[in-house]
Amino acid sequence: MTQPILELVNLQTHFFTDNGQVPAVDGVTITVNRGEILGIVGESGSGKSVTSLSVMKLIPNPPGKIVGGSIKFKGEDLVQASEKRMKQIRGNEIAMIFQEPMTSLNPVFTIGNQISEAIRLHTKASKAEARKQAIQILNRVGIPRAEQIVDEYPHQLSGGMRQRVMIAMSMACNPELLIADEPTTALDVTIQAQILDLMRKLNEDSGTAIMLITHDLGVVAEMCHRVVVMYAGNIVEEGDVRTILKQPKHPYTIGLLNSIPTMDGKKERLYSIPGNVPTPGSLKAGCRFAPRCEHATDKCRAAMPELLQVGENHRSRCWLNE
């Protein structure tokens, strides 16, 4: 049995607004095992990014707050951890690649300066040693002219290069867990493939566990061992990638898979799931997906289904699976 490196148990992250309490993440339980790549999939507004920021304890407070559940990293509950302890963990044991590389990098510091800062913060390396390590890491992630790039600023690099720098920064201290929040968004397909190869190599060479947040099921099929499908702050389906892609049980997962364009189809219009993700907290009873589900019954609108076992290592939150 593979030992979990990260366990989220009944995680609840709410935002307190003028219009009341908004449950952005509402009772999420996720396990990431050592050395595995776990994909978290869902539309915008499903709670994927809030889940990842909760793990790093980077939810802006106010208005956000973790109101329930636990986040256990190597057995230590991060919900109870002090800010001083979190600073030791962030970037060192758990690293994160943020969605927007341009806004995640500081525009007034050089690339080398920003990578060196992470190294010096968590090791006893001198300024010269940290710079040398920064150049080595930039070479590892396939950045040409690494000796010159360390002295350049983020605005001088392309989007793909900046994303590589973000990966280099996350690799600086050889973390045991890497959280990647849509790392290939807004990149062209060739650069996207290179970034994914880079992350796969990091996983294989260093044994780094990766929590990959994406809305692209093609990326999940290529990269992940297991997948969690989120909708409106809940997990609606989870299992190994092959099972989820071949035998999805939840109508939402089926809808996502039907939305993928295929080369052999003769359809004139692509399939799309009707409606939108509901505002968190707007549905007080029943299944969150019921308003958009073509199979919804009165039972679906009245009571929230449990996450039921529907196969080996495969669970689905749907009354149809009873």
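Residues numbered from 1 in each chain as written. Predicted model: local features only at pLDDT ≥ 70, side-chain atom pairs only at ≥ 80, totals over all residues. Heavy atoms only, no water.

**Student:** I'd like a rundown of the nonpolar core, residues and numbers included.
**Tutor:** One finds Ile115, Leu138 and Leu212 to be the most contacted residues of the largest nonpolar core, which totals 62 residues. Ranked by residues supplied to this core, first place goes to helix α7 (residues 159-171) with six residues. In contact with Leu138, not counting residues within four places along its chain, are Ile111, Ile115, Ile143, Ala146, Ile149, Val150, Val165 and Ala168. Counting residues in each nonpolar core, the second largest holds 34 residues, with Val32, Leu38, Met86 and Leu177 among its members. (Core = buried A, V, L, I, M, F, W, Y, C linked by side-chain atoms within 4.5 Å. Buried < 20%, exposed > 50% of the residue type's maximum accessible area, 1.4 Å probe, protein only. Helix = DSSP H or I, 4+ residues; strand = E, 2+ residues; numbered from the N terminus. Contact = heavy atoms within 4.5 Å.)

**Student:** I'd like to hear about the environment of Ser316, residue by residue, with values.
**Tutor:** Along the polypeptide, Ser316 turns up in strand β12 (residues 314-316). Non-local contacts of Ser316, meaning those with residues more than four positions away in its chain, are made with Val236, Glu237, Lys249, His250, Glu306, Leu307, Leu308, Val310 and Asn321.

**Student:** A description of α7 should follow, citing residues and the corresponding values.
**Tutor:** In this model, α7 (13 residues) spans 19 Å end to end at C-alpha, consistent with the 18 Å of a helix rising 1.5 Å per residue. In terms of residue burial, α7 counts as a mostly covered element, since 11 of its 13 residues are buried. Those residues of α7 not exposed but buried are Gly160, Met161, Arg162, Gln163, Arg164, Val165, Met166, Ile167, Ala168, Ser170 and Met171. (Expected span 1.5 Å × (residues − 1).)

**Student:** Account for the pattern of salt bridges, naming residues and giving values.
**Tutor:** Taken as a whole and assessed by the stated rule, the structure comprises 17 salt bridges. Arg288 is paired through a salt bridge with Asp26; the nearest N and O atoms lie 2.8 Å apart. Taken as a pair, Arg288 in the loop between α11 (251-258) and α12 (298-302) and Asp26 in strand β2 (residues 20-33) lie far apart in primary sequence, 262 residues in all. For Arg288, a relative accessible area of 16% puts it in the buried group. Glu176 is the salt-bridge partner of Arg34, the closest N and O atoms lying 3.4 Å from each other. Placement of Arg34 in the loop between β2 and β3 (37-41) and of Glu176 in the loop between α7 and β7 (177-181) is noted, with a sequence separation of 142 residues between them. (Salt bridge = Lys/Arg side-chain N within 4 Å of Asp/Glu carboxyl O.)

**Student:** Tell me what's going on with unusual backbone geometry, and back it up with residues and numbers.
**Tutor:** Look at the link from Asn61 to Pro62: it is a cis peptide, with omega at -5°. Within the secondary structure layout, Pro62 lies in the loop between α1 (48-55) and β4 (64-73). With an omega of 10°, the peptide bond between Pro62 and Pro63 qualifies as cis. Within the secondary structure layout, Pro63 lies in the loop between α1 and β4. If you check the backbone angles, Arg145 has positive phi at about 55° while not being a glycine. Classification of Arg145 by relative accessible area gives partly exposed; the value is 45%. Non-glycine residue Ala232 carries a positive phi angle of around 50°. Structurally, Ala232 is set in the loop between β9 (226-231) and β10 (234-240).

**Student:** Describe the sheet that holds strand β6 (residues 94-97), naming the residues involved and giving the relevant values.
**Tutor:** With mixed pairing, the eight strands of this open sheet are ordered in space as β6-β7-β8-β3-β9-β10-β12-β11. What marks the edges here is a single partner per strand, and that holds for β6 and β11 (308-311). Each adjacent strand pair in this sheet contributes to an overall mean axis angle of 20°, direction not counted. Its contacts with the sheet put α1 on β3, β6, β7, β8 (209-214) and β9, and the angle it makes with β8 is roughly 145°. (Pairing = 2+ DSSP bridges. Axes fitted to C-alpha atoms, helices over the stretch in contact; angles between N-to-C directions.)

**Student:** Tell me about α11, and name the residues and values.
**Tutor:** Where burial is concerned, most of α11 is hidden: six out of the eight residues are buried. Among all positions in α11, only Pro251, Tyr252, Thr253, Gly255, Leu256 and Leu257 are buried. Tucked into the core, α11 has its buried residues touching β3, α9 (217-223), β9, β10 and α10 (241-246).

**Student:** A description of the sheet that holds strand β5 (residues 76-77) should follow, citing residues and the corresponding values.
**Tutor:** Reading across from one edge, β2-β1-β4-β5 is the order of the four strands in this open sheet, with antiparallel pairing throughout. Taken across any chain shown, the strands that pair with only one partner, and hence form the sheet edges, are β2 and β5. Sheet topology note: the strand β1 (residues 4-17)/β4 ladder contains eight bridges and is antiparallel. Looking at the pairing, Leu6 lines up with Phe73 of β4.

By themselves, these are just geometric observations and shouldn't be taken as functional.
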